[in-house]
Amino acid sequence: MVASVTDEHVNAGAEADSLPIDVETITETVDVAWGMSLSTSTRKDIDARTAELIGHLNLLVGQRLDEDENRGTLRLLRAVERHLVASNRPTSRTQAHDAYNYLRDTAIFTSTLLGTYQQVHGVKEG
């Protein structure tokens, strides 16, 4: 059986809110994803990195980001939630370039949401 990025566990809001955010690890994951090339990355590597980014996104979505006070943050969270819907994720049947594009989009969302988290919570990268 081939695993896909649709197999990722989704953290409930309360569960994600209690987990620590490791800014350095998330930043490194995003940097590695942005350093990947479609021509030199295996589909397995693309799927693994995407799943890792999805995990980070799930943690970030569960954090208090002042979305009640900031329309931009609320729009970002809605876009992330649409992006993470299982039916939008690549499966084992998805073409490699589409899976790679999803990886890139996931990295952008992760980086943007991490920046919002850092701003709201006054957290700097270690």
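Residues numbered from 1 in each chain as written. Predicted model: local features only at pLDDT ≥ 70, side-chain atom pairs only at ≥ 80, totals over all residues. Heavy atoms only, no water.

S.K.: How would you summarise helix α2 (residues 23-35) if you had to cite specific residues and measurements?
M.R.: With 13 residues, α2 should cover 18 Å at 1.5 Å per step; its first-to-last C-alpha distance of 18 Å lies within 8% of that length. Among the residues of α2, Val23, Ile26, Thr27, Thr29, Val30 and Ala33 are the ones counted as buried. Considered in projection along α2, the buried side chains sweep an arc of 160° and stay on one side of the axis. Buried residues along α2 sit against α3 (43-61) and α5 (96-121). (Helix = DSSP H or I, 4+ residues; strand = E, 2+ residues; numbered from the N terminus. Expected span 1.5 Å × (residues − 1). Buried < 20%, exposed > 50% of the residue type's maximum accessible area, 1.4 Å probe, protein only. Arc of directions from axis to C-beta. Contact = heavy atoms within 4.5 Å.)

S.K.: Could you give me a rundown of the pattern of salt bridges, with the residues and numbers involved?
M.R.: Under the definition given, this model contains two salt bridges. Residue Arg43 pairs with Asp47 through a salt bridge whose shortest N-O separation is 2.9 Å. Note that Arg43 and Asp47 are positioned in helix α3 at a spacing of four residues, about one turn of the helix. Note on Arg43: relative accessible area 22%, which makes it partly exposed. Arg49 is paired through a salt bridge with Glu52; the nearest N and O atoms lie 2.6 Å apart. Of this pair, Arg49 and Glu52 both sit in helix α3, separated by three residues, roughly a single helical turn. For Arg49, a relative accessible area of 23% gives the class partly exposed. The exposure class of Glu52 is partly exposed, given its relative accessible area of 30%. (Salt bridge = Lys/Arg side-chain N within 4 Å of Asp/Glu carboxyl O.)

That's the geometry; what it means functionally is another story.
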